[in-house]
Amino acid sequence: MSTEKPADSFASLFEAEARGTKPKKIRGPALGSRCRAEVVQVGRDAVFVEILDQSTIGKRPQAYLKIEDVRGPDGQPTCKTGDVLEAVVVEVDGESGETRLGRSMGKPSGIPELESAYAGGIPVEGKVTGVNKGGLEVEMAGARAFCPISQADRGFVADPQTLVGRSMLFVITELRDGGKRIVVSRRAVLEQEAKLNAASTLAKIVVGAVMRGNVTAVREFGAFVDLGGIEGLVPNAELSHDRSARASDALSPGDVVDVQVREIKEGVIDKRGNATTKITLSLKALAEDPWNDIAAVATEGKVVRGSVTRILDFGAFVKIAPGIEGLLHVSELGGKVQHPSAVLKVGETLNVVVRSVDKSARKISLSPAAEGLNVGEQATAPSIGIGAIVTGVVDRVEPYGVFFQVDGTRGRVGRGLIPNVELGTKQGSDTRKLFPTGMKLTAKVLETGDGKLRLSLKAVKDDEERADYDGYREQSGSQGKFGTLADLLRKK
């Protein structure tokens, strides 16, 4: 920037802006030419600049841009005093010589202006009038132009009809036969705008910043969001607290969203071998965490309804509320179940009991609800004390004993082990044949506590024999006490 400022000229520019009139300027470069300009003042309605490429006797021609030409996606100017902009001369007043710069030539008045814009690669305004096979019909300067659908936007255009009737900027990529054949591209304009905005946007992008952007594409792994010349990715894991959420269910191209910057990685090599900046964004970070009110959703012992979201070797995850999942361990599904997929499938709904909630670790343990228990009811653990006689069925058989499920229970809470020594069978017996799965049994509780339940069939049999013997003794004692000597002699 020169040491001698044209103070008088810029003073008149500022005053003119305040009065709402066009400022008068010295003559500058020709209409349609590209130039570089340094920002001198950012006003309310205009940005005042000095053109760098054409200085005359130490002075630089002054020009201005409408504030709309430099606004970013957030509505704020993307430049500041001292910044250097690249722009196009879009208007030159023949009398005053005032020069207006812009990002495009605006609405052309005839074929000569189209030819000038084509030669200089300057964007011009056109109106989409229809859709045909392969692209858009565009009217500009009274002539008909064609925009291939691949050039209608930076990404995929799902419904081209939504563009009909809109006036937009295009770059002319082909012009023949005096305007009889004109091919244009909107994508080139959008990519140029993105490039111009990228530097300004990148300065604002820091980890933790909340920014507004437009969804440009939705993929299986997430959604891309344009923050203003720079795209970031919202992966599926950052869409919602609900782990089953997918981008296609929550977002569509064109949606305006607020996101938080989660991670910035510079120098990442893309598929083309170019170094780029990778930005990870999050919608989830701005949403309320459902775990903050977990007590209202999952209380220990409560029966809730859930749906299976994932099945792994060790169990199944069940969603019991948006963003809240619990684990139904494979050991809760029955002893004979080797893998959860044998009895469950993704999407299946079932009633479960909340066994434990660890808020700090964000973990919930579940078990199947017993038959007859309804959602919202409190499932009380069965009262199984040492010495109690219980009934149940054989759950599975192992070399060291038989697993037994107490009637009225499901899962580990009511499952216990009857060791081989407590079965009351002869040595060498085939336990699997003697105790098939599902067989009804009556057992005595020998040990409880710490999730352990040890039972015995032998003890039940011993108790019965002892009861029979005690009954016999009582009966014998009664007869001996009340019989006469003559009765005893007769028995002999």
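Preceding block: the structure.
Residues numbered from 1 in each chain as written. Predicted model: local features only at pLDDT ≥ 70, side-chain atom pairs only at ≥ 80, totals over all residues. Heavy atoms only, no water.

The next subject is the sheet that holds strand 19 (residues 349-358). Taken together, the five strands give a closed barrel; going around it, the order is 16-17-18-20-19, and neighbouring strands pair in mixed fashion. When the angles between neighbouring strand axes are averaged without regard to direction, this sheet yields 50°. Alignment of strand 16 (residues 303-312) against strand 19, held across five bridges, turns out to be antiparallel. Looking at strand 19, one finds that Val304 is bridged to Val352. (Pairing = 2+ DSSP bridges. Helix = DSSP H or I, 4+ residues; strand = E, 2+ residues; numbered from the N terminus. Axes fitted to C-alpha atoms, helices over the stretch in contact; angles between N-to-C directions.)

Turning our eyes to something else, we now look at the pairing of strand 1 (residues 34-42). Relative to strand 4 (residues 84-92), strand 1 is paired through five bridges, and the arrangement is antiparallel. Each residue of the ladder has a partner; that of Arg36, found in strand 4, is Glu86. With five bridges connecting them, strand 1 and strand 2 (residues 46-51) associate as antiparallel partners. For Ala37, the partnering residue across the bridge sits in strand 2 and is Ile51. Between the end of strand 1 and the start of strand 2, which pair antiparallel, lie three residues.

In this section: the nonpolar core. Counting residues in each nonpolar core, the largest one holds 22 residues, and the members touching the most others are Val138, Met140, Phe170, Ile172, Ile182 and Val184. Elements represented by at least two residues in this core include exactly strand 4, helix 2 (111-120), strand 6 (124-132), strand 7 (135-140), strand 8 (143-148), strand 9 (167-176) and strand 10 (181-185). Examining the composition of this core, we find that four residues originate from one element, strand 9, more than from any other. Contacts of Val138, omitting those with residues within four sequence positions, involve Gly126, Lys127, Val128, Thr129, Ala143, Arg144, Ala145, Cys147, Phe170 and Val184. (Core = buried A, V, L, I, M, F, W, Y, C linked by side-chain atoms within 4.5 Å. Buried < 20%, exposed > 50% of the residue type's maximum accessible area, 1.4 Å probe, protein only. Contact = heavy atoms within 4.5 Å.)

Scanning all chains against the criterion turns up 20 salt bridges. Here Arg262 and Glu238 are joined by a salt bridge, their closest N and O atoms 3.9 Å apart. Remark: Glu238 occurs in the loop between strand 13 (231-235) and helix 4 (247-250) and Arg262 occurs in strand 14 (residues 256-269); sequence separation between them is 24 residues. Judged by its relative accessible area of 42%, Arg262 is partly exposed. On the basis of relative accessible area, Glu238 is assigned to the buried category, the value being 15%. In this structure, Arg454 engages Glu422 in a salt bridge whose closest nitrogen and oxygen atoms are separated by 4.0 Å. Highlighted residues: Arg454 in strand 25 (residues 452-456) and Glu422 in the loop between strand 23 (415-419) and helix 6 (431-434), separated in sequence by 32 residues. Shared partners join several salt bridges into a network, and the residues in it are Glu38, Glu50 and Arg60. (Salt bridge = Lys/Arg side-chain N within 4 Å of Asp/Glu carboxyl O.)

This part covers the environment of Pro419. The residue Pro419 is located in strand 23 in this model. Under the relative-accessibility criterion, Pro419 is labelled buried at 12%. Placed 37 residues apart in sequence, Pro419 and Ser456 show a C-alpha to C-alpha distance of 7.4 Å. Discounting residues that sit within four places of it in the chain, Pro419 has contacts with Tyr400, Gly401, Arg454 and Leu455.

Here the focus is the environment of Val215. By the element assignment, Val215 lies in strand 11 (residues 210-219). Residues Val215 and Val256 lie 41 residues apart in sequence; the distance between their C-alpha atoms is 6.4 Å. Among residues more than four places away in sequence, those in contact with Val215 are Ala223, Phe224, Val225, Leu251, Ser252, Pro253, Gly254, Asp255 and Val257.

Read around the barrel, five strands follow the order 1-2-3-5-4 and close on themselves; strand pairing throughout is mixed. Each neighbouring strand pair of the sheet contributes to a mean axis angle of 55°, computed without reference to strand direction.

One pass over the full model with this rule turns up three aromatic pairs. Measuring from ring centre to ring centre gives 6.0 Å for Phe221 and Phe224, while their planes differ by 85°; the resulting arrangement is edge-to-face. Between the aromatic rings of Tyr400 and Phe403, the centroid separation amounts to 6.2 Å while the plane-to-plane angle is 85°, which identifies the pairing as edge-to-face. Exposure remark for Phe403: the relative accessible area of 14% places this residue in the buried category. The ring of Phe317 carries the charged tip of Arg310 above its face, separated from the ring centre by 4.1 Å. Over the ring of Phe403 we find Arg396; its NZ or CZ atom is 3.9 Å from the centre of that ring. (Phe/Tyr/Trp six-rings, centres within 6.5 Å; stacked < 30°, edge-to-face > 60°. Lys NZ or Arg CZ within 6 Å of the ring centre and 35° of its normal.)

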